[in-house]
Amino acid sequence: MKYFRVHTKDIAYLTKKPRGIFTTVGKLVDAKTMTEEEIAEYWKQREYFEKVLPVPPFYKDGNTEGAITWFKDTDQGKDIWNQLTFYRDMCSKYGIKLYKSETDEIPGKIIYEDDFQIAVTDEKENLKIDVSEV
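### Section: the pattern of salt bridges
Taken as a whole and judged by the stated rule, the model has 9 salt bridges. Across the salt bridge formed by Glu-123 and Lys-17, the nearest N and O atoms sit 3.5 Å from each other. Of this pair, Glu-123 sits in the loop between strand 6 (117–121) and strand 7 (130–133) while Lys-17 sits in the loop between strand 1 (3–11) and strand 2 (18–20), placing them 106 residues apart in sequence. We classify Glu-123 as partly exposed; its relative accessible area is 29%. Overall, the relative accessible area of 25% leaves Lys-17 in the partly exposed class.

### Some details on helix 4 (residues 85–93)
For helix 4, every residue scored as buried is listed here: Phe-86, Tyr-87, Arg-88, Met-90 and Cys-91. Once helix 4 ends, the next one or two residues include Gly-95, with phi positive near 70 degrees.

### Quick word on helix 2 (residues 36–52)
Given a rise of 1.5 Å per residue, 17 residues ought to cover 24 Å, and the 25 Å separating the end C-alpha atoms of helix 2 matches this to within 8%. Of all the residues in helix 2, the buried ones are Glu-38, Ile-39, Tyr-42, Gln-45 and Phe-49. The arc that holds every buried residue of helix 2, seen down its axis, measures 120 degrees, which confines them to one face. Facing away from the buried side of helix 2, by more than 90 degrees, are the exposed residues Glu-36, Glu-37, Lys-44 and Lys-51. Contacts made by the buried residues of helix 2 are with helix 1 (21–30), helix 3 (75–83) and helix 4.

### Quick word on the layout of surface pockets
As a volume, the largest pocket reaches approximately 970 Å³. The wall of the largest pocket is formed by 33 residues, among which Gly-20, Phe-22, Thr-23, Tyr-59 and Thr-69 lie closest to the centre. Of all the secondary-structure elements, those providing two or more residues to the lining of the largest pocket are strand 1, strand 2, helix 1, helix 2 and strand 3 (68–72). Here the residues of the lining of the largest pocket are counted per class, giving 20 nonpolar, 7 polar and 6 charged.

Cut-offs and rules
Within each chain, residue numbers correspond to sequence positions counted from 1 in written order. Note on the predicted model: pLDDT of at least 70 is required for a residue's local features to be given, and 80 or more for side-chain atom pairs to be given and counted; whole-chain, interface and lining totals, by contrast, use all residues. In computing side-chain properties, one takes all heavy atoms of the structure into account and sets aside hydrogens as well as water. Each salt bridge in this description consists of a side-chain nitrogen of Lys or Arg and a carboxyl oxygen of Asp or Glu lying within 4 Å of one another. Counting from the N terminus, the helices are DSSP H or I runs at least four residues long and the strands are E runs at least two residues long. Burial classification: accessible surface area is computed with a 1.4 Å probe over protein chains only, and a residue below 20% of its type maximum counts as buried, one above 50% as exposed, and the rest as partly exposed. Multiplying 1.5 Å by the residue count of a helix minus one yields the expected span of that helix. The reported arc concerns the directions from the helix axis to the C-beta atoms and nothing else. Residues count as neighbours in contact if any of their non-hydrogen atoms are within 4.5 Å of one another. Cavities and pockets are found on a 1 Å grid laid over the protein atoms alone: a cavity is a set of points where a 1.4 Å probe fits but cannot escape, a pocket is an open set with protein on both sides within 12 Å along at least five of seven lines, and a lining residue has an atom within 4 Å of such a point. Grid points are joined across faces, edges and corners, and a volume is the space filled by probe spheres set on the points. In the scheme used here, Gly and all other residues not listed as nonpolar or charged are polar, with Ala, Val, Leu, Ile, Met, Phe, Trp, Tyr, Cys and Pro taken as nonpolar and Asp, Glu, Lys and Arg as charged.

Printed below as a string of structure tokens:
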């Protein structure tokens, strides 16, 4: 199976890995970088994702394990990619380059899995990842 992540090149403090798209756009909201209309749309989009995409339980404790999530390259994972248009548009508008990392390998130790994604810690050394700019 293939797995993919959408992220920036910024390294997240907690995970020491490239910051994912959800956190990246959330930071634009927190910094009040986006317009009021965009922030309102962000909350609508976030509500949608929270209904459709399961939130891994490790986020409740602040992700102390430093896990990162990878979408599965399945119909469900591809649908999430298609629904990320607003997030991708906000990154583009505010000059944030996004990248899509893809791998055919399980990228690390799986600590969570659902129909859409896996969450891993302890990323494999020598993991073969193809990275492209979105």
